[in-house]
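Residue-level listing of the chains:
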Amino acid sequence: MNYSTAIETPEASVAEIAETRERRPHRRNVAIVAIAALAAAGIGWKLFHGTAAEAVPPPVPTVQAAYPLVRDVTEWDDYVGRFAPSKTVEVRPRVSGAITRIHFRDGDFVRKGQPLFTVDPRPYRAALAETQADVAAARSALALAKSDYGRVAGLTGDEAIAASEVDQLRTRVRSASAALAAAQARERQRALDVEFATVRAPISGRISDRRVDVGNLVSGDSGANATLLTTINAVDPIYFTFDASEALFLKTQRDRAGKKAPADVQVRLQDETAYRWTGKLDFTDNGLDPRSGTIRVRAVLDNPDGFLTPGMFGNMRLADSGTVKAMLVPDDAVHSDQARKIVLTVGKDGMVDAKPVDLGPMVGGLRVIRSGLTPADRIVVSNYQGAVAGAKVQTSRGTIAVDPATEKAPGAVPAGPSEPVAAQATLAN
């Protein structure tokens, strides 16, 4: 028997069996990976090709809504202008001579008739005395002529003299009367010269500084070419002049056609926040400037203490539109839609609607709405991001109130194309 062959055969089988056992775990791992890949593929197919999940609707936003606040407001137009004296006089002498005295201090407030300068009056007093003597001589000559004529005027019969002599005596009376009148006229002229030697204030007002000092010769000849001594500005009342547009001028003219009272004006100075100076319009120029399209307008203001000075700038507001009923909404409630201004409103069905509006000035922290809304519209006053035109919202009660801190403070109005709209508004008392 060949035992070697029998023995080798089992050894080979054992080696194959061992190799096969070593490969079984690897195959199990490969199978597990394959199953996982199939599961992942199934999930992906479910996600991309299966039935879509139903979308959950977003919650309806909640906003506060309130009715517009309706109040009486006074609308004002804004201007910038200068103060000007109601009267201006250049003080010049009417006689020539040397200045001997000055009766004021530069910048004083002077009264009409108050002495300002004294021109040496001695030459004029001497001339007055001479004319007074001439008057006395002429009066004596007239008395003699009247006496001579009186003696012959009543003679008759043999005592009568020739008619020619009577005529001569009558002529002497008339000549003496004329000479007396001429002498009296010269006396009045010389008296005026003496009076003019004291230069007095022609008006009441604030005087400028003196242009000449004592000892200077001044000329009173040639009228306006006489020496300039100083100037006086009347500042009570005082004028405020400004330029108005043609549109506002037309509005003012239509108010005048309705026989309305002159519009009130209020002015504040550059360092003031309140409009403390009040007055009235009193003059509009007779034509518009063709280059600028504006017209010069003037207001008059009381200035008893002389605080306002000609040449000062001021910001003026004119109650040109008067008191009107206005709808007020928060300025935040006004939104821009390209070139339009809109306000979001909520209907009875809860739908949001965008309404175009025309804006007015700010008053009390609120915006005046000129048109586009009615008092029955409910305005969205909160959660503006959640309110979209055409969408539905839930509403809660909101309020619109005037801010007491800014109730009397003026607010600006957006610039319009060419419409004459008021620049400011305040709540009417």
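Criteria and cut-off values
Residues numbered from 1 in each chain as written. Predicted model: local features only at pLDDT ≥ 70, side-chain atom pairs only at ≥ 80, totals over all residues. Heavy atoms only, no water. Helix = DSSP H or I, 4+ residues; strand = E, 2+ residues; numbered from the N terminus. Buried < 20%, exposed > 50% of the residue type's maximum accessible area, 1.4 Å probe, protein only. Areas by Shrake-Rupley, 256 points an atom, 1.4 Å probe, with all protein chains shown as cover. Salt bridge = Lys/Arg side-chain N within 4 Å of Asp/Glu carboxyl O. Axes fitted to C-alpha atoms, helices over the stretch in contact; angles between N-to-C directions. Parallel < 35°, antiparallel > 145°, perpendicular 65-115°, else oblique. Left-handed = near helix turned anticlockwise from the far one by under 90°. Nonpolar A, V, L, I, M, F, W, Y, C, P; charged D, E, K, R; others polar. Pairing = 2+ DSSP bridges. Polar contact = N/O pair within 3.5 Å; in protein donor to acceptor, adjacent residues only side chain to side chain. Contact = heavy atoms within 4.5 Å. pLDDT = per-residue confidence, 0-100. Expected span 1.5 Å × (residues − 1). Phe/Tyr/Trp six-rings, centres within 6.5 Å; stacked < 30°, edge-to-face > 60°. Lys NZ or Arg CZ within 6 Å of the ring centre and 35° of its normal.

**Remarks on the overall build of the protein chain**
And step 1. Each helix and strand in the protein chain was counted, giving 4 helices and 21 strands.
And step 2. Out of the 429 residues in the protein chain, the part that is buried amounts to 34%.
And step 3. Of the roughly 26100 Å² of accessible surface on the protein chain, a fraction of 53% belongs to carbon and sulfur atoms.

**So, unusual backbone geometry**
And step 1. Here the residue pair Asp236 and Pro237 is connected by a cis peptide bond, since its omega of 0° sits within 30 degrees of zero.
And step 2. Within the element layout of this structure, Pro237 appears in strand E9 (residues 230-245).
And step 3. The backbone of Gln338 shows a phi angle near 60°, a positive value even though the residue is not glycine.
And step 4. Within the secondary structure layout, Gln338 lies in the loop between strand E14 (334-337) and strand E15 (340-346).
And step 5. Look at Asn383: it is not a glycine, yet its phi comes out positive at around 50°.
And step 6. In this structure, Asn383 sits in the loop between strand E19 (378-380) and strand E20 (394-397).
And step 7. On the basis of relative accessible area, Asn383 is assigned to the partly exposed category, the value being 34%.

**A closer look at the environment of Glu130**
And step 1. With respect to the helices and strands, Glu130 occurs in helix H2 (residues 122-153).
And step 2. Take Glu130: its relative accessible area is 52%, and that puts it in the exposed class.
And step 3. Considering only alpha carbons, one finds Glu130 and Arg190, 60 residues apart in sequence, at a separation of 9.1 Å.

**Some remarks on the pattern of salt bridges**
And step 1. Applying the stated criterion across every chain yields a total of 18 salt bridges.
And step 2. The salt bridge partner of Lys325 is Asp72, with a shortest N-O separation of 3.3 Å. With a gap of 253 residues between them, Lys325 in strand E13 (residues 313-330) and Asp72 in strand E2 (residues 69-91) connect regions that are remote in the sequence.
And step 3. Residue Asp264 pairs with Lys280 through a salt bridge whose shortest N-O separation is 2.5 Å. Pair noted here: Asp264 is in strand E10 (residues 264-268) and Lys280 is in strand E11 (residues 277-284), with a separation of 16 residues, a long-range link.
And step 4. Since its relative accessible area comes to 37%, Asp264 is described here as partly exposed.
And step 5. Lys280 sits in the partly exposed class, given a relative accessible area of 39%.
And step 6. One salt-bridge network, in which partners are shared between bridges, spans Asp106, Arg210 and Asp213.

**Some points on the packing of H2 against helix H3 (residues 163-196)**
If you want to describe how two helices pack, look at the angle between their axes and the distance between the axes.
And step 1. The geometry of H2 relative to H3 is characterised by a closest axis approach of 8 Å and an angle of 165° between their N-to-C directions. As judged from the angle between their axes, H2 and H3 are roughly antiparallel. Crossing geometry of H2 relative to H3 is assigned as left-handed.
And step 2. Here the residues of the contact of H2 with H3 are counted per class, giving 20 nonpolar, 4 polar and 11 charged.

**Digging into the sheet that holds strand E6 (residues 198-200)**
And step 1. Across the sheet, 4 strands lie side by side as E6-E5-E3-E8; this open sheet has antiparallel pairing. Two strands bound the open sheet, and with one partner strand each, they are E6 and strand E8 (217-218).

**What to know about the side chain of Ser382**
And step 1. Relative to the helices and strands, Ser382 resides in the loop between E19 and E20.
And step 2. In this structure Ser382 comes out as buried when scored by relative accessible area, which is 18%.
And step 3. Of the polar contacts made by the side chain of Ser382, one reaches the backbone nitrogen of Gln64; its length is 2.9 Å.
And step 4. Excluding its chain neighbours within four sequence positions, the residues that come into contact with Ser382 are Val63 and Gln64.

**With respect to the confidence of the model for the protein chain**
And step 1. Scored by pLDDT, the protein chain comes out at a mean of 82, with 78% of its residues at no less than 70.
And step 2. The element-level mean pLDDT for the protein chain is lowest in helix H1 (residues 3-49), coming to 51, with strand E5 (residues 115-119) highest at 97.
And step 3. Below pLDDT 50 for its whole length, residues 1-14 participates in 0 contacts with residues either more than four positions away or in separate chains.
And step 4. Counted against residues more than four places away or in other chains, residues 415-420, with its pLDDT under 50, gives 4 contacts.

**Side note on H3**
And step 1. A rise of 1.5 Å per residue sets the reference length of H3, with its 34 residues, at 50 Å; its end C-alpha atoms lie 50 Å apart and thus fit the reference within 8%.
And step 2. Restricting attention to buried positions, one finds in H3 the residues Val166, Leu169, Val173, Ala176, Leu180, Ala183, Asp193, Val194 and Phe196.
And step 3. Against H2 and E6 lie the buried residues of H3.

**A look at the packing of aromatic side chains**
And step 1. Here the structure, examined in full by the defined rule, presents 5 aromatic pairs.
And step 2. Seen from their ring centres, Phe240 and Phe242 are 6.2 Å apart, and the 35° between their planes marks the pair as tilted. Across the pair, exposure class does not vary: Phe240 and Phe242 are buried alike.
And step 3. Of the aromatic side chains, those joined through ring pairs into one cluster are Tyr79, Phe83, Phe240 and Phe242.
And step 4. In this arrangement the basic side chain of Arg317 is found over the ring face of Tyr275, its NZ or CZ atom lying 4.2 Å from the centre.

**Examining the environment of Val212**
And step 1. Mapped onto the elements of the fold, Val212 is located in the loop between strand E7 (205-207) and E8.
And step 2. Distance in space between the C-alpha atoms of Val212 and Ile102 is 9.4 Å, their sequence separation being 110 residues.
And step 3. Not counting residues within four places of it along the chain, the set of residues in contact with Val212 comprises Ile99, Ile102, Phe117, Val218, Thr227, Leu228 and Leu229.

**A short note on the side chain of Ser86**
And step 1. When you line up the elements, Ser86 lands in strand E2.
And step 2. A distance of 2.7 Å separates the side chain of Ser86 from the backbone oxygen of Pro237, its partner in a polar contact.

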